[in-house]
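Residue-level listing of the chains:
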Amino acid sequence: MSTKVTIKHRHPVANRPGFHLYDDVFDDFGDDPDIEAPVYLKLEGVAVELRTRGPEGDWVTLTIPRELARELGLVPPLPNRPPRANAPAHPPADFEG
């Protein structure tokens, strides 16, 4: 039986990494309303660098594609781009689409 409650997920496809963002139902911090339970992020298909530093703690660097970072809300969405200079603003009159 899983204790994971999915917040958001994506299966890995071709060159796109997958992820699973979830809560754990057993994370309980008592009656203190100022302490929020953590969320967990599992990434599949990304490069990882892990360094241990002893008592000061460890750090991890993840290399993730920008489109995945956008989907997770880590970077802003792409801005609306103006049409290309050579692209017509409207379809030609004889366009049958």
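Residues numbered from 1 in each chain as written. Predicted model: local features only at pLDDT ≥ 70, side-chain atom pairs only at ≥ 80, totals over all residues. Heavy atoms only, no water.

### Thoughts on the side chain of H20
Piece 1. As for its position among the elements, H20 is in strand β2 (residues 18-24).
Piece 2. Judged by its relative accessible area of 18%, H20 falls in the buried class.
Piece 3. A polar side-chain atom of H20 sits 2.7 Å from a polar atom in the side chain of T6.
Piece 4. Apart from residues no more than four positions distant in its own chain, H20 is found in contact with K4, T6, K8, H9, Y40, L41 and K42. (Helix = DSSP H or I, 4+ residues; strand = E, 2+ residues; numbered from the N terminus. Buried < 20%, exposed > 50% of the residue type's maximum accessible area, 1.4 Å probe, protein only. Polar contact = N/O pair within 3.5 Å; in protein donor to acceptor, adjacent residues only side chain to side chain. Contact = heavy atoms within 4.5 Å.)

### Concerning a nonpolar patch on the surface
Piece 1. A surface patch of nonpolar side chains, amounting to about 380 Å² of accessible area, comprises V48, L50, V60 and L62.
Piece 2. Secondary structure elements with two or more residues in the nonpolar patch: β4 (47-51) and β5 (59-63).
Piece 3. Mapping L50 onto the fold places it in strand β4. (Patch = residues over 30% accessible without salt bridge, like charges linked within 9 Å, V, L, I, M, F, W, Y side chains within 5 Å. Areas by Shrake-Rupley, 256 points an atom, 1.4 Å probe, with all protein chains shown as cover. Salt bridge = Lys/Arg side-chain N within 4 Å of Asp/Glu carboxyl O.)

### Quick notes on the side chain of T3
Piece 1. Relative to the helices and strands, T3 is located in the segment before β1 (4-10).
Piece 2. There is a polar contact of 3.0 Å between the side chain of T3 and the side chain of D24.
Piece 3. If we skip the residues at most four places from it in the chain, T3 touches D23, D24, V25 and F26.

### Some points on the environment of V25
Piece 1. For V25, the position within the fold is in the loop between β2 and β3 (40-44).
Piece 2. Take V25: its relative accessible area is 51%, and that puts it in the exposed class.
Piece 3. With residues up to four places along the chain from it excluded, the contact list for V25 reads T3 and V5.

### Brief notes about the sheet that holds β3
Strands in a sheet are paired, the pairing made by backbone hydrogen bonds, and the direction either parallel or antiparallel.
Piece 1. Spatial ordering of the open sheet is given by β1-β2-β3, a layout of 3 strands whose pairing is antiparallel. What marks the edges here is a single partner per strand, and that holds for β1 and β3. Going across the sheet, the axis of each strand differs from the next one's by a mean of 20 degrees, ignoring polarity. (Pairing = 2+ DSSP bridges. Axes fitted to C-alpha atoms, helices over the stretch in contact; angles between N-to-C directions.)

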